[in-house]
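# Examining the three-dimensional arrangement
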Amino acid sequence: MNSLVFNYVSKCRGNIKNIDIILLLAFISLLVIRIIANYSSQSITNGSLSFTSWTSLIVMATLSFIIIFGFSLLDTKELITISVILFLVMLIALVAVFYFPKINGSARWIRLGYGFGFQPSEFIKPFLIIILSGLFLLYKENGNRVPLYISIAIIATVGGLILFEPDLGQTLQIFIHWFFLLFLTGVPYIIVLGFILLSLLAIFGAYWLFPHVAYRINNFFDDPSQNFQIKKGFNAIANGGIGGKGPGEGASKLFVPEAQSDFIFAALSEEFGLVAALILLFVFGLILLRTYYLLLQHRSYFQILAGSGLIFMLILQMLINLSSVLYIIPTKGLTLPFISSGGSSLFTVSIAAGMILSLTRKNYRREID
Amino acid sequence: MIAKFLERHPIIEWLWLVFSKQRTDVAPDQIALMRFSLVVALFLLGFLIIFVRNLDVVFFVQLPQHVPRTAEKYNMVRGNIYDRNGQLLATTVMGHSLAVDPKKIVDSNETARQISTVFPELDPLTLSRSLSKDRSFVYVKRDITPQQLAAVKSLNLKGMIYEPMPHRVYPYGSLLSHAVGMVNIDHQPQSGIEYGRNRDLVNLDNVNLSIDVRVQQILYGELQTVMKRFTPKGAGGIVMNIRNGEILGLVSLPDFDPNNPYVPDENHINRVTSGVYEMGSTFKIFNTALALELKKLRLDSQFDVSQPIVIGNDSINDFEKLSPILTVEQIFTESSNIGSALISDQFTTEQQRGFLRSLGLLKAPSLEIPGVGAPIAPKNWERIQKITVSYGHGISVSMLQMAKATAAMVNGGILLEPSLILNETTEPVHGPRVISADTSQKMQNLFKLVVQQGTGGAARSSEYPIGGKTGTAQKVDPETRRYSNSSVNASFVGIFPIDNPQYLVMILLDDPKGEGVGRYQNTAGKVAVPAVSSTVSQIGALLGKTVGAKP
């Protein structure tokens, strides 16, 4: 028993040495930016923040780091086992949400009391990506169609549950993640085209079926100066200029709805300026390119699928968020990975980051091949 | 069963063929990497678009303050307003508005009833109707107090939205209502400095007023006292530094609390800057100064004031019977109308008009706040107008104009623009010369004599040497359209220290009621002079250092 623990600890030690330091530092710097940005968006004019807020900001970032670090030490088998277990837990949670009181007209949250709660539809994403990668590996390795059918069944179940919450955005995301992995397995481009057309059709359908989607899209094509949230966001970003107004000094941010979550980029820009915005873009860009570079280094098929799927999830979410804030696309209620204040979002992307670090470790054994 | 169906069905087989048709010459991981590269390239394009757009927003998107008027109203954060010593007079804090999401409300009647327990002014029926609207956001009440917020929260109602919104706070309440002014619920400026310096304030610049809160408080207290004692319709007071035009105190009563400004419109009238009054005898200051300046007479020149002056159907009398022969000095200190009329015969109407114009008494003065009233001057300016103007009738000006012109009479002869903004330099302020230093010196002596021997006797009790001029003007009775016998404006414009004039304190009471029986009870000497005297006694100590430091 003792030797088992000893072996495990020594294995972990070996794994620590092989974690890609650039990626790890990039994720840590996102956590630092997170603390700064949240300090910024929560404090008013005189820049003071209550002790509890500071504590919770630091505790959250620390927890996030522990999650990243913990997941980065996992080996493939452990990663898959944990993913399957947590996926099943989240699946149960997705059913359980319907027994919790609705918030803003939809059942997305599991309330644990004392103000703690989480959104299973967020948490399920990284585990789903691991499971789908595994299934697609089996599908490609053996030429067996069954894993593909299973993946369809899983995506239909998960997507269906989330659609009934209802949470259209998350459903679409899950569906896109599944298709992205499928795309990597080499489906013909004609199918890809068909999928894109189908997505467009879905957007049109949503436009007709869901009033809030219609509202957002109409809003986008109407006079932008009439869009309150966008305009306030713009004011904050423009007000910050190049160097920013300084911590807590932002004034326009007070009027940006969701300045702590979806529109945190506006608050960050106002107080730390274009400089902070570009640093943020640089760090995300670095994470994307570094992961891409590491995946090119003779990785296993599973590593390529899972690594690409996870980085796709992070970067897509970040691009959609920033495009919304900068009025390139209609507002989509999506958080900015690592930076937005919410815990569910932070821990989800932390899990994904940890998994990416695990999959890109130098000593990662190609045991799945 | 299902598996067999999936394996065998011809449509599935056909779909599968299309679906699985892919390259076999390249390893699957190479395909995956190639396709991932494509997505990475697309993502990098996304980064580029965001980068360019971010630069665009930072450098080319116009901020509201660059597009005033239309966008100004959206800018709800403003700079602070301070007094000359850094006391906070207006600031913005975060407050809340209460809104609801009607879609989440089950029983709108019950919810409306509960909300109306916190806001008794809201009608539960109307509220219930708006709570059942087919919308997801309806305002219940904007800009609620923290106490109301807590009360609503404690009701634990569903569908409540607590929208943060900035709240403008005026810590001194009504004390500075007319000087600082106010903004409305949309933070659009309505009056005072809030309006006049809106451009600075929306640019988040702070504004420092020349007002000294301590002086303001003393003046305010004195005016409240006279409001109680003499129950005038209104009262105004101004304290001004006559060396640089800075206004240290400006009070107009009745007033309003900018934190809760829902009072009659009357209370929003600034009696110091926008109300214009026939000033009566204080106008004799300018009559006398002009005659002295033109060197038409000397202070000891004598006039026979025993007979009323008859022009057409009207005759001009003195308020009380005075000695038949008066010197210029006595005409001023005893405030003889007949004497003033006789003095005005020393110059032409054009000279009089030109002099008043040079003192800024014929056009609206400039000040940093809106609502500065324009004077009402005679249209035809004949001898009769010249005579009535000589003792302050037939022409209506504001207290602000009066203070500005009077300051020039005693500060050495320089006309200075009054200002509510702190003058941060110690440089001497320049302005046009309107009378010679010599005439100004004579006027100082006359002001001093008014207190020592004449109508301003009540100011002798002040701890600081005051000079000044009283004015009790009969008001026009709106019914008979003739001058009333009982209704007057009573004012006193005081200067202190009179031997080395630094400050002007003017108080005006609109229609004061005398305390006892008799004609003199509501005259300036009884109602305005004691108030100015008492004000000076209190602010003298505050401004004492300045008095000594600045020769």
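The following paragraphs examine the structure supplied in this document. What you are looking at is a predicted structure, and each value in this text was computed from that prediction instead of being measured. (Residues numbered from 1 in each chain as written. Chains lettered and ligands numbered in written order. Predicted model: local features only at pLDDT ≥ 70, side-chain atom pairs only at ≥ 80, totals over all residues. Heavy atoms only, no water.)

## Concerning the layout of surface pockets
Residue and element names in this part refer to chain B. Roughly 1,500 Å³ of internal volume is contained in the second largest pocket. Taken together, 47 residues form the lining of the second largest pocket, with Asn-317, Asn-337, Tyr-391, His-393 and Gln-474 sitting closest to its centre. For the lining of the second largest pocket, the elements supplying multiple residues, two or more each, are strand S13 (314-316), helix H15 (383-390), strand S16 (467-476), strand S17 (483-496) and helix H18 (524-527). Of all the elements, S16 adds the most residues to the lining of the second largest pocket, at six residues. Broken down by class, the residue content of the lining of the second largest pocket amounts to 11 nonpolar, 25 polar and 11 charged. (1 Å grid on protein atoms, 1.4 Å probe; cavity = no way out; pocket = protein on both sides within 12 Å on 5 of 7 lines; lining within 4 Å. Points joined across faces, edges and corners; volume = space filled by probe spheres on them. Helix = DSSP H or I, 4+ residues; strand = E, 2+ residues; numbered from the N terminus. Nonpolar A, V, L, I, M, F, W, Y, C, P; charged D, E, K, R; others polar.)

## So, the packing of aromatic side chains
All names here are of chain A. Across all of its chains, the model carries 16 aromatic pairs over all chains by this definition. Measuring from centroid to centroid gives 5.6 Å for Phe-27 and Phe-338, while their planes differ by 40°, and the two rings are tilted. Highlighted residues: Phe-27 in helix H2 (residues 21-42) and Phe-338 in the loop between helix H12 (301-325) and helix H13 (343-359), separated in sequence by 311 residues. What makes Phe-338 buried here is its relative accessible area of 0%. Of the aromatic side chains, those joined through ring pairs into one cluster are Phe-175, Trp-178, Phe-179 and Phe-195. (Phe/Tyr/Trp six-rings, centres within 6.5 Å; stacked < 30°, edge-to-face > 60°. Buried < 20%, exposed > 50% of the residue type's maximum accessible area, 1.4 Å probe, protein only.)

## A look at the interface of chain A and chain B
When the parts come together, some accessible area is lost, and that loss is often what is quoted as the size of the interface. In this complex, chain A contributes 58 residues to the contact, which on the side of chain B involves 43 residues. Interface of chain A and chain B: buried area, both sides summed, is about 4,800 Å²; carbon and sulfur atoms make up 76% of it. Counting across the interface, chain A meets chain B through zero salt bridges. (Contact = heavy atoms within 4.5 Å. Buried area = accessible area lost by both parts, 1.4 Å probe. Salt bridge = Lys/Arg side-chain N within 4 Å of Asp/Glu carboxyl O.)

## A word on the packing of helix H14 (residues 349-358) of chain B against H15(B)
All names here are of chain B. Remark: H14 packs on H15, axes separated minimally by 10 Å, with the N-to-C direction vectors making an angle of 45°. Between H14 and H15, the angle is such that the two are oblique. For the element pair H14 and H15, the recorded crossing hand is left-handed. Contact residues: Thr-349, Gln-352 and Leu-356 in H14; Arg-383, Lys-386, Val-389 and Ser-390 in H15. Class assignment for the residues of the contact of H14 with H15 results in two nonpolar, three polar and two charged. (Axes fitted to C-alpha atoms, helices over the stretch in contact; angles between N-to-C directions. Parallel < 35°, antiparallel > 145°, perpendicular 65-115°, else oblique. Left-handed = near helix turned anticlockwise from the far one by under 90°.)

## A look at the environment of B:Ile161
Residue and element names in this part refer to chain B. Tracing the backbone through its elements, the reader meets Ile-161 in strand S4 (residues 160-169). Note on Ile-161: relative accessible area 26%, which makes it partly exposed. Sequence separation of Ile-161 and Val-100 is 61 residues, and the distance between their C-alpha atoms is 5.2 Å.

Spatial relationships are all this shows, so hold off on functional conclusions.
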